[in-house]
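Residue strings, one per chain:
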Amino acid sequence: MRIDPEKCVACGNCLPICPVGAIHIDPDIGRAVVNEDGCVECFACFRGMSKEHLNPVMVRTIRQIAKFFRFRFDPEPDICPTDAIVPQELTWPRIVRRVFSDPQVPHESTGIHGRGTAEVKTNDVTNRVKEGEAGFVVEFGRPGVGARFRDVQQVTTALADCSVEFEKNNPVTSLMIDPSRGLIREDILNEKILSAIVEIKTRLGQVPLILKKIRDLSRAVDTVISVGVSTRCDAAGNDALHEILEREGYPMYRGKTNLGLGRITTQ
Amino acid sequence: MTNTLHRYSEHYAFERTSNPEPIKDDYIVFAMASRGLNDDNLVEKYRSFLQLALKHKPVNMGDATKGGILRPRQDMNPTAHWRRDHSPDPEQVIAGIEGHTTVAAVFDNYEAMRAFVAELECAQLGISINISAPMDDARRCCEETGITRHSVEYSIGFCGRVDKLPDGTTLELSTMCGHGMVSANFARKMIDWVKENRRSPQEAARYLARFCICGVFNIHRAEGIIKQAGTLKR
């Protein structure tokens with residue numbers, strides 16, 4: 001993403017909008033500038049801000065007059081007045097940033113928007129996680145910190161040593177050159193993204209070990225990791241995971257419940 | 001997508017408070033089809049979901065490919081700085097459904113969520129329906145509507161460089177957009193603007209909601225959080 005210096009009036013509205021804080025006003029030129037290495041191409045600034053399409057020269061003049069008289073003007077905080085935010089054409093490997101950061105871009109490997117994962121949201125139809133199994137979602141960079149694929153690889157290689165099964169229908173797995181070792185393709189290791197989800201599956205009995213492993217690994221990465229764990233309920237709607245998590249002292253306050261109302265309706 | 005899985009509250013605090021208040025105003029029901037399995041007549045199914053939701057007065061609802069009931073505008077004019085239209089447009093969400101997406105409805109009370117789920121059970125749309133909520137409330141809802149839980153997913157919280165995270169109140173606001181589109185810095189700015197009496201909590205919540213691309217941002221809950229933070233009660 002780029003901010004056009006011809007159009008930018010340095011109103012500062014876009015600075016706090018950026019989820020990873022990649023925009024600042026450059027004092028040398030008096031314009032907002034995007035830090036290219038920090039930007040994850042999430043399009044929050046371009047898509048999320050409302051637009052006024054005003055003439056930049058007119059706006060700058062008004063702002064200079066207001067500044068001279070020390071007038072404080074409270075513009076609407078979610079508007080870019082002059083269409084100054086301009087998406088750039090992205091090529092590989094930078095385009096991977098947008099795929100993993102812009103929730104409106106569907107992941108090619110799964111066809112799903114957002115983080116590109118189905119997890120147990122469609123388990124009533126896909127039967128991906130069965131009774132006695134545990135599905136993990138290990139999300140890097142969330143909330144709002146961002147992550148680089150080298151941090152993701154640090155965890156995936158260690159998890160591969162625990163003989164976990166990486167979900168095949170997953171955007172991160174699709175970028176692995178060797179899923180048996182958790183190795184991600186080298187040309188994207190430095191690319192920064194808003195978040196990426198690694199999905200793995202194990203037996204329920206391994207849940208404490210895997211959760212502890214993830215927590216231990218999280219100390220070695222330069223990002224935040226959010227963890228979710230799922231399972232199939234039994235015929236009465238009870239889940240064995242609850243007792244395991246309670247025993248291990250993990251929070252269990254919030255989560256998702258699949259109601260089992262999905263049906264296969266196509267051939 | 002773990003869109004709504006990790007909505008922050010005191011229940012995840014790293015040194016947990018001994019008795020955090022239960023969350024009683026944040027319930028999301030969402031629907032998702034699977035390619036090649038139940039995506040026939042998808043537009044009709046998703047629109048039916050949203051139309052049923054509308055009967056129960058959701059505080060937000062959305063289509064993950066387009067947005068919620070409050071969206072950014074491409075046609076602002078300068079009068080907006082004095083008179084901004086914050087009217088929600090749920091019909092835009094329904095009319096905009098075109099195909100594969102996830103649709104969601106957010107409720108600020110348990111009874112509305114339960115009534116909606118009961119209607120969904122009767123409607124038998126055939127697409128996967130999930131509740132994102134405190135687990136006990138989701139379980140109770142299933143029991144009261146005669147639904148047997150199929151699968152569950154627990155949010156375990158955050159680990160790693162948690163020192164990079166903002167304060168809890170800011171997190172409560174920014175994590176309401178699971179895709180990270182509501183920036184923590186913008187949430188903090190809105191809290192500060194309310195403290196300075198530059199905007200009302202209602203306006204501040206609506207500015208934030210426009211950035212949430214899938215409409216799961218709980219506008220009503222955000223108002224309450226911002227109001228409390230703005231008056232130093234949080």
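All figures in this text were calculated on a predicted structure; none of them were measured in a lab. (Residues numbered from 1 in each chain as written. Chains lettered and ligands numbered in written order. Predicted model: local features only at pLDDT ≥ 70, side-chain atom pairs only at ≥ 80, totals over all residues.)

*Asks:* Would you mind showing me how to read the overall build of chain B here?
*Replies:* Helices and strands together make up the secondary structure of chain B, namely eight helices and five strands. Counted from the first residue to the last, chain B has its helices and strands arranged as β-α-β-α-β-α-β-α-β-α-α-α-α. Against the compact-globule benchmark of 17 Å for 234 residues, chain B has a radius of gyration of 18 Å, which places it among compact chains. By residue count, 56% of the 234 residues in chain B fall in the buried class. (Helix = DSSP H or I, 4+ residues; strand = E, 2+ residues; numbered from the N terminus. Rg over C-alpha atoms; globule rule 2.2 N^0.38 Å. Buried ≥ 20, exposed ≤ 12 C-beta atoms within 10 Å, placed from the backbone.)

*Asks:* Could you clarify how one ought to interpret helix H7 (residues 207-218) of chain A in this entry?
*Replies:* Note that an α-helix has 3.6 residues per turn; residues three or four places apart therefore point the same way. All names here are of chain A. Relative to the 16 Å expected for twelve residues at 1.5 Å per residue, H7 spans 16 Å between its end C-alpha atoms, a close match to the ideal helical length. For H7, the complete set of buried residues consists of Val207, Ile210, Leu211, Ile214, Leu217 and Ser218. The buried residues of H7 occupy an angular sector of 130 degrees when the element is viewed end-on, so they sit on one face. Seen from the buried face of H7, the exposed residues on the opposite side, beyond 90 degrees, are Leu209, Lys212 and Asp216. (Expected span 1.5 Å × (residues − 1). Arc of directions from axis to C-beta.)

*Asks:* Would you take a moment to explain the sheet that holds strand E4 (residues 128-134) of chain B for this structure?
*Replies:* The strands making up a sheet are joined through hydrogen bonds of the backbone, oriented either antiparallel or parallel. Reading across the sheet, the ten strands line up as E9(A)-E13(A)-E7(A)-E14(A)-E5(B)-E15(A)-E4(B)-E1(B)-E3(B)-E2(B) and stay open at both edges, with antiparallel pairing between neighbours. At either margin of the open sheet sits one strand with a lone partner, and together these are strand E9 (165-166) of chain A together with strand E2 (60-63) of chain B. One ladder, built from six bridges, connects strand E7 (residues 133-140) of chain A with strand E14 (residues 224-232) of chain A; its direction is antiparallel. Each bridged residue has a counterpart across the sheet, and for Val137 of chain A the counterpart in E14 of chain A is Gly228 of chain A. Relative to strand E1 (residues 27-32) of chain B, helix H3 (residues 110-123) of chain B is tilted by about 25 degrees, and along the sheet it contacts E1, strand E3 (102-107) and E4 of chain B. (Pairing = 2+ DSSP bridges. Contact = placed C-beta atoms within 7 Å. Axes fitted to C-alpha atoms, helices over the stretch in contact; angles between N-to-C directions.)

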